[in-house]
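The lines below spell out each chain.
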Amino acid sequence: MKNRPSGYSWEVRGKEVVISHHGAEAAVLKGERAHQFVREAEKGDPQLLMARIAGGTYKAPDERRSGPKPRPRRRQ
């Protein structure tokens, strides 16, 4: 896949999962969401999963928005 997310890492600290992007903390998951993340990361692509959870600007090609583009404003 072209334009894959990269630079994400995760670690378990006690009962929470900490997701980092290039060394900076991007998200902290707790409780059931942390357990669910670990299960999904072991099954699929953890980089893509972490990019989605961290709320980065990365979008897979099938997730791009479609529709009209915003029009430029007129000068006043």
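Residues numbered from 1 in each chain as written. Predicted model: local features only at pLDDT ≥ 70, side-chain atom pairs only at ≥ 80, totals over all residues. Heavy atoms only, no water.

Participant: Can you help me understand the overall build of the protein chain in this one?
Facilitator: A count of helical and extended segments in the protein chain gives two helices and three strands. Starting at the N terminus, the α and β elements of the protein chain follow one another as β-β-β-α-α. Burial statistics for the protein chain: of 76 residues in total, 24% are counted as buried. Intrachain contacts of the protein chain at a sequence separation of at least 6 include 37% that bridge at least 24 residues. As displayed, the protein chain offers around 6400 Å² of accessible surface, 47% of which is attributable to carbon and sulfur atoms. (Helix = DSSP H or I, 4+ residues; strand = E, 2+ residues; numbered from the N terminus. Buried < 20%, exposed > 50% of the residue type's maximum accessible area, 1.4 Å probe, protein only. Contact = heavy atoms within 4.5 Å. Areas by Shrake-Rupley, 256 points an atom, 1.4 Å probe, with all protein chains shown as cover.)

Participant: In this structure, what is going on with the nonpolar core? I would like to understand it.
Facilitator: One broad trend across soluble globular proteins is that nonpolar side chains are buried collectively. Counting 11 residues, the largest nonpolar core is built from Tyr8, Val17, Ile19, Ala27, Leu29, Ala34, Phe37, Ala41, Leu49, Met50 and Ala51. Sorting the residues of this core by element identifies strand S2 (16–21), strand S3 (24–30), helix H1 (31–43) and helix H2 (46–54) as the ones contributing at least two each. (Core = buried A, V, L, I, M, F, W, Y, C linked by side-chain atoms within 4.5 Å.)

Participant: What should I look at first to understand the packing of aromatic side chains in this one?
Facilitator: The geometry of an aromatic ring pair is captured by the separation of the ring centres together with the interplanar angle, meaning the angle of the planes. Applying the stated criterion across every chain yields a total of one aromatic pair. Judged by centre distance (5.2 Å) and plane angle (90°), the rings of Trp10 and Phe37 are edge-to-face. Placement of the pair is Trp10 in strand S1 (residues 8–13) and Phe37 in helix H1, with a sequence separation of 27 residues. A relative accessible area of 31% means that Trp10 is categorised as partly exposed. Classification of Phe37 by relative accessible area gives buried; the value is 0%. (Phe/Tyr/Trp six-rings, centres within 6.5 Å; stacked < 30°, edge-to-face > 60°.)

Participant: What is the right way to look at the pattern of salt bridges in this model?
Facilitator: Opposite charge on two side chains permits pairing when their charged atoms draw close. Applying the stated criterion across every chain yields a total of three salt bridges. The partner of Arg13 in a salt bridge is Glu25, and the shortest N-O contact between them spans 3.9 Å. Taken together, the residues span a long stretch of sequence, with Arg13 in strand S1 and Glu25 in strand S3 at a distance of 12 residues. Between Glu32 and Arg39 there is a salt bridge whose closest N-O contact spans 3.1 Å. (Salt bridge = Lys/Arg side-chain N within 4 Å of Asp/Glu carboxyl O.)

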